[in-house]
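# Working through the structure, step by step
What follows is each chain in one-letter form.
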Amino acid sequence: MEPKLVAILAAFLLLSFCYGGNAQGCTVSDLAVTQTAMPGTVGGYRQFLVTVENRCICTQLNVKLECTGFNSSVTVGPAGVITLDGDSGTCSLNGGQPVHQGETVTFNYARSTKLNFQPVGSTIACSPAPSPA
């Protein structure tokens, strides 16, 4: 093999190992949260639609959102998509189930004021690229 080609391949392999493949750069900030006020009320409360999108190339699971002010009296649909984690001020999204690249999890809630559902934690799961045969 030509020495120049060998050097290029060696550099590519070294960089692949150093940067950990596609997981490099994926963080909880790759979870984009949008909230929209919905028309009408539910039980006299305003209704909000929340969408959480995973913009990371890797799957994120065990997603935790800040949810100060959330409690069992807040009506959420679908039921169980967001659950309070004790008294920690955080909530689990979708029972900790994986949110794959490009997927969204959507829920709505009714409350007098909008809550902050800022992502504060997740587990990032990236599969390494298959080795060439």
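Going by the structure above, here's the rest.
Residues numbered from 1 in each chain as written. Predicted model: local features only at pLDDT ≥ 70, side-chain atom pairs only at ≥ 80, totals over all residues. Heavy atoms only, no water.

So, about the overall build of the protein. Per the secondary structure count, the protein includes one helix and eight strands. Each helix and strand of the protein, ordered N terminal to C terminal, gives the series α-β-β-β-β-β-β-β-β. Within the protein, the proportion of its 133 residues that are buried is 27%. Restricting the contact set of the protein to residue pairs at least 6 apart, pairs at least 24 apart contribute 70%. Split by element, the accessible area of the protein, about 8,200 Å² in all, is 57% carbon and sulfur. (Helix = DSSP H or I, 4+ residues; strand = E, 2+ residues; numbered from the N terminus. Buried < 20%, exposed > 50% of the residue type's maximum accessible area, 1.4 Å probe, protein only. Contact = heavy atoms within 4.5 Å. Areas by Shrake-Rupley, 256 points an atom, 1.4 Å probe, with all protein chains shown as cover.)

Another aspect to go through is the packing of aromatic side chains. Scanning the model with the defined rule gives three aromatic pairs in all. With a centroid separation of 5.3 Å and 90 degrees between ring planes, the pair formed by Phe 107 and Phe 117 is classed as edge-to-face. Placement of the pair is Phe 107 in strand S7 (residues 104-111) and Phe 117 in the loop between S7 and strand S8 (119-125), with a sequence separation of 10 residues. Judged on exposure class, the residue Phe 107 and its partner Phe 117 are both buried. For the ring pair Tyr 109 and Phe 117, a centre distance of 5.3 Å and an interplane angle of 70 degrees mean the geometry is edge-to-face. (Phe/Tyr/Trp six-rings, centres within 6.5 Å; stacked < 30°, edge-to-face > 60°.)

Strand order in the open sheet formed by four strands is S1-S2-S7-S4, with antiparallel pairing between adjacent strands. Sheet topology places strand S1 (31-42) and strand S4 (75-77) at the edges, where each strand pairs with a single neighbour. Neighbour-to-neighbour, the strand axes of the sheet open up by a mean angle of 20 degrees, direction not taken into account. Where S4 and S7 come together, three bridges link them in antiparallel fashion. Residue pairing across strands places Thr 75 opposite Ala 110, the latter belonging to S7. (Pairing = 2+ DSSP bridges. Axes fitted to C-alpha atoms, helices over the stretch in contact; angles between N-to-C directions.)

Core analysis: the biggest nonpolar cluster contains 20 residues, and Phe 70, Val 76, Ile 82, Phe 107, Tyr 109 and Phe 117 have the highest contact counts within it. Going through the elements one at a time, strand S2 (45-54), strand S3 (59-66), strand S6 (90-93) and S7 are the ones with two or more residues in this core. The contacts of Phe 70, once residues within four sequence positions are left out, are Val 76, Ile 82, Leu 84, Cys 91, Leu 115 and Phe 117. (Core = buried A, V, L, I, M, F, W, Y, C linked by side-chain atoms within 4.5 Å.)

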